[in-house]
Each structure stands twice: as structure tokens, then as C-alpha cells.
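Chain by chain, the residues:
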Amino acid sequence: MSTSRRGFLKGILGTGAAGAAATLPACAPDINPAPVTDVTASSEGVVSLLVTRYPDLEPVGGALTVRVAGEDEPVLVTHTAKDEFSVLSSICTHAACPLGFDGREVVCPCHLSKFNPVDGTVTQRPATVGLRKFSSKYNPATQVLSIDLRAGESGFPAAVNGEVRLPFAQFPTLRDNGSVVDGVPSGYGKRIFVFRQEDGTLSAVDSVCTHQGCEVQANQEELNLVCPCHMSIFSATGDAVSGVATLPLKKFTATETADEVVLTGVQ
Ligand code: FES
Ligand code: FES
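Everything numeric in this text was worked out from a predicted model, so none of it was measured. (Residues numbered from 1 in each chain as written. Chains lettered and ligands numbered in written order. Predicted model: local features only at pLDDT ≥ 70, side-chain atom pairs only at ≥ 80, totals over all residues. Heavy atoms only, no water.)

### Focus: the state of the cysteines
Taken as a whole and judged by the stated rule, the model has 2 disulfides. The partner cysteine of Cys97 in its disulfide is Cys110, sulfur to sulfur 1.9 Å. Torsion about the S-S bond of the Cys97 and Cys110 cystine: about -95°, corresponding to left-handed handedness. Within this pair, whereas Cys97 is found in the loop between β5 (84–89) and β6 (100–101), its partner Cys110 is found in the loop between β7 (106–107) and β8 (114–115), the two being separated by 13 residues in sequence. The class of Cys97 is buried, set by a relative accessible area of 8%. The side chain of Cys214 participates in a disulfide bridge whose partner is Cys229; the two sulfur atoms lie 1.9 Å from each other. Across the S-S bond linking Cys214 and Cys229, the dihedral sits near -85°, which makes this disulfide left-handed. With Cys214 in the loop between β15 (202–206) and β16 (217–219) and Cys229 in the loop between β17 (224–226) and β18 (233–234), this pair connects stretches of sequence that are 15 residues apart. The pair Cys214 / Cys229 is uniform in exposure class, with both members buried. Counting only the cysteines that form disulfides, in the order they appear in the protein chain, gives the pairing 1-2, 3-4. (Disulfide = S-S within 2.5 Å. Helix = DSSP H or I, 4+ residues; strand = E, 2+ residues; numbered from the N terminus. Buried < 20%, exposed > 50% of the residue type's maximum accessible area, 1.4 Å probe, protein only.)

### So, the pattern of salt bridges
One pass over the structure, following the stated rule, counts 9 salt bridges. Between Arg191 and Glu215 there is a salt bridge; the shortest N-O distance is 3.3 Å. In this pair, Arg191 sits in the loop between β13 (179–183) and β14 (192–196) while Glu215 sits in the loop between β15 and β16, placing the two residues 24 residues apart along the sequence. Three or more residues joined by partner-sharing salt bridges are found here, namely Glu153, Asp182, Arg191 and Glu215. (Salt bridge = Lys/Arg side-chain N within 4 Å of Asp/Glu carboxyl O.)

### Structural notes on the confidence of the model for the protein chain
When pLDDT is averaged along the protein chain, the result is 91, and 89% of the positions lie at 70 or above. Taken together, the stretch residues 1–29 has pLDDT below 50 and engages in 54 contacts with residues farther than four places along the chain or on a different chain. (pLDDT = per-residue confidence, 0-100. Contact = heavy atoms within 4.5 Å.)

### Observations concerning the packing of aromatic side chains
Scanning the entire structure with this criterion turns up 3 aromatic pairs. Ring geometry for Phe85 versus Tyr138: centroids 4.7 Å apart, planes at 50°, classification tilted. Of this pair, Phe85 sits in strand β5 while Tyr138 sits in strand β10 (residues 133–139), and the two are 53 residues apart along the sequence. Between Tyr188 and Phe252, the aromatic rings sit 5.8 Å apart at their centres with planes inclined by 85°, giving edge-to-face as the arrangement. With Tyr188 in the loop between β13 and β14 and Phe252 in strand β20 (residues 251–256), this residue pair connects regions lying 64 residues apart in the sequence. For the pair Tyr188 and Phe252, one class covers both residues: buried. (Phe/Tyr/Trp six-rings, centres within 6.5 Å; stacked < 30°, edge-to-face > 60°.)

As C-alpha cells, this is what we get:
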């Protein structure tokens, strides 16, 4: 995350919702960033919320911004229907304002972008990029909502002790120069990209843009990465090439054996 983004989040969310609301333009609608609470996660990255402890979240239509100790960004928890909750990134993809919930849609107080609270897709511009969704499960019997910050994509190898092993048998294109593979390892929870560059060199990088935290996407033809939010471009080795992002993406070490590519530092 860039220094400017860290500073923004600290300045807005560090003072709580009231502080954020005070910065809104005069033309802002009657919607504020969701109230903020601080929690800790388990060592596996799971946050457990006893919903009845949070009056802002307990009724259907309620919402809470949850700051997790040790995590760069808070998440927005919305109570979308009876016994149904959704967990999304709490930061607008347009210009990084903290988001609120009007009971039906996730709303950005700054320029009125709206998002579907269930899947995070954009329902009203100016934002054009959806919000990241986090895995969560609600137990009506205990009234505990469990949020798994490090859930992965099924079928993609997990990160174990910071190591991800990608067998060539499962990812045969990783033998080909000019290829890229991506996926979300459970135990890490964020998308990573693995490149076999044209000269045969391997590289692996994180997907979190260092400008304002959007997820970058691979450009297969150019063999680089493009951020859909403000079009910063990163090389296959994660260096910022052009655009508003100036810091490199997080980099992992990629080596190979006869059977697999091994990534280390995925934590
Ligand atoms: S920052 Fe959210 S709409 Fe502009
Ligand atoms: S979030 Fe702005 S360029 Fe990536």
C-alpha cells in the first residue's frame, strides 16, 4: 500500500465515522461511512463477530466497518437480510472514500457511487470497478458471523508456511515462456500472479495495487499487469512502470524443480 493511501485510511478511518462524515462535501446525501469497530483475527485470519454485541449491525439494513489488527484495510460488513450478511472491501474503488450502507446498497458518500452489497458489483458510477468480496458464514444458533480473510480459490494450491507449490502437471503453461498463471491461495487470501517471462525467468507478485489497493489484472499480450481503477501499469516483476502508482507490487521468490514452481514469502 502506498504511503498516500495509508495516510488517507489513517486519517479517515482512524478518527471513526464521525470524523469521516465531517469531511463530506455539502452536496453529499444523507449517508455516512459505516460506524467503525476494532477487532483481532485468529492466527488463521478468521474474525468472529457476535452480532448481538454490535447494535449498528444487528438489525437488517445495519452495517459496520471492521478494522482488523495487522490488516492494511478495513472491511464493510452489511446485514442484507434475515440471517444474511455480506463482507466487502470498505474503500470505494473510485477515489478511496470509506463506504456506507443505506439498507439496500453500499453507497459512497463522496461522489455517490453505489455497489451491490452481496457481490460488490458497481450499480451506479462514477466507480467502474467492483468491491472485493470476503468469505463469511453466519451461524443463526450462536449469532456469530465468521469472516475468513485468508480464504482461497478452490483448486488453487494453498499457502503453507508462506510457501505455494504449483505442480507443472496442474499448471502446464508455466513451462512456456511468455505465460502467466494467477489464483488466490487459501492461507493468504489475495490473488497472486506467476509469470514465465520471454527469457524463461520466473517471477511472482501480489495483486494489490500500491496506489489505492484495487486488484490488478494480467495483460497476457504485454505480459504485464494493469490496475483497472486508475490504469497504473506494473511489469511482470512488479515494478511500477506508468500511472499514478509509484511503488512496486509485493514480490515473492519463485524457483522451480523438475516438477513444480515453488513460491516463498507468500504471507
Ligand atoms: S470516492 Fe467513491 S464515488 Fe468517488
Ligand atoms: S488503485 Fe489507483 S491505479 Fe491502482
